[in-house]
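# Summary of the model geometry
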Amino acid sequence: MKKKLWIVSLLIFLLCLSGCNQEKPLPEGFNSNNCTGRSAILTNTVLQLNDQLLEIYSNDGEDYFDKQDLSDLYIEDVEVFKSACAGTLTARQEAGAPVQTEEEPVQLAGDITYELSGTYNDIVTIIIPVKFTNYTVNYEYTFEPNPKAEYNPYVPAYTMTQAVVSTQYSRAELMQRAGMNTLMGMGVVFLVLIFISFIIGLFKHMPGSGAKQQQKKQEAKKTAPAAPAPAPAVKEEKASENLMNDQELVAVITAAILAANGNASSRVSSDKLVVRSIKRASR
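Rules behind the numbers
- Per chain, residue numbering runs from 1 following the sequence as it is written.
- Since the coordinates come from a predicted model, pLDDT governs what is reported: local features require at least 70, and pairs of side-chain atoms require 80 or more to be given and counted, while whole-chain, interface and lining totals use all residues.
- The basis for every side-chain value is the complete set of heavy atoms in the structure, and neither hydrogens nor water enter the calculation.
- For helices, the fitted axis covers only the stretch in contact; all axes are lines through C-alpha atoms, and the angles between them, taken along N-to-C directions, range from 0 to 180 degrees.
- Put simply, DSSP marks the helices as runs of H or I at least four residues long and the strands as runs of E at least two long, and each gets a number from the N terminus on.
- Comment on the angle field: the value is read as roughly parallel under 35 degrees, roughly antiparallel over 145, roughly perpendicular from 65 to 115, and oblique elsewhere.
- Each crossing gets its hand from how the near helix is turned against the far one by less than a right angle, where anticlockwise is left-handed and clockwise is right-handed.
- Note on definitions: a residue-residue contact is assigned when non-hydrogen atoms from the two residues lie within 4.5 Å.
- Throughout this entry, Asp, Glu, Lys and Arg are counted as charged residues, while Ala, Val, Leu, Ile, Met, Phe, Trp, Tyr, Cys and Pro are counted as nonpolar. The remaining residues, Gly among them, count as polar.
- A carboxyl oxygen of Asp or Glu within 4 Å of a side-chain nitrogen of Lys or Arg is what we treat as a salt bridge.
- Partly exposed describes any residue whose relative accessible area lies between the buried limit of under 20% and the exposed limit of over 50%, with all areas from a 1.4 Å probe on protein chains only and scaled to the type maximum.

### Regarding the packing of helix H2 (residues 32-47) against helix H5 (residues 78-95)
- In the contact formed by H2 and H5, the axes pass within 10 Å of each other and the chain directions differ by 50°. In this view, H2 runs oblique relative to H5, as classed from their interaxial angle. Of the two elements, H2 crosses H5, and the hand of that crossing is right-handed. Residue-level inspection shows Leu42, Thr45, Val46 and Leu47 of H2 in contact with H5, the latter providing Val80, Phe81, Ala84, Cys85, Thr88 and Arg92.
- Of the residues that constitute the contact of H2 with H5, the class distribution is seven nonpolar, two polar and one charged.

Here it is in structure tokens:
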């Protein structure tokens, strides 16, 4: 039973992988052979130019190319040609020279791929990987539906609207670049924090900030003598004082006790009344 479950799980996993790898179909009006050929012609054209011409065309291509020249390259917008020239010039600085021969002026580093985008997946990007000395450079051309094709059957159904040239780095180089960018970002943040702390530290030297008066108050508190300890409370009743020696006080207290006993029948005789101690009552 366990073996059957393993086999069924493996089949489901393989079906999911095959569904993920399945390429989406290209739009109906998109002619892949025509658009790929146009992309290859533009790629071959910019690769044949030297660095000086690439710099001139990337800046002032509209001054050197008219509509006829653009139609020979099967493009309608001169900005596409300028972008391809500028990207090729940058790629040569990073990836070296393109690998070319007389038989193959453009040597591919892999298969030509197609990517779909747009709301209805009607925008197609053709990616042509070209071999350079140090890296592989991707030439990406974006084709969008041509609105003129609806009423004019003699114009192409898709128009090249964008050209992007990018260097394909290895994974290790991408990780290294990402790490360097992270370190640079963190370094800039710490430098800014240190600079802000330095600026805040200068505030105490500014007049009117009140920092000096606060510092003087703290120094005065540190140098002030300690307050003397409170004197112990004086006992209200001294130990040496003996109230029994005061004969007048004893006589007054005795008379008060006799008067408090009531009538004469219940009165206690003064001979039988003995006062042993007298203590001052606290108020």
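### Thoughts on the pattern of salt bridges
- Inspection of the entire model under this criterion finds three salt bridges.
- A salt bridge links glutamate 62 to lysine 82; its shortest N-O distance comes to 3.0 Å. Note that glutamate 62 is positioned in the loop between helix H3 (51-60) and helix H4 (67-72) and lysine 82 in helix H5, a separation of 20 residues in sequence.
- Note that lysine 82 and glutamate 79 form a salt bridge whose closest N and O atoms lie 3.7 Å from each other. Linking lysine 82 with glutamate 79, this pair stays in helix H5, spanning three residues, or about one helical turn.
- On the accessibility criterion, lysine 82 (11% relative accessible area) is buried.
- For glutamate 79, a relative accessible area of 41% corresponds to the partly exposed category.
- The structure contains a network of salt bridges with shared partners spanning Glu62, Glu79 and Lys82.

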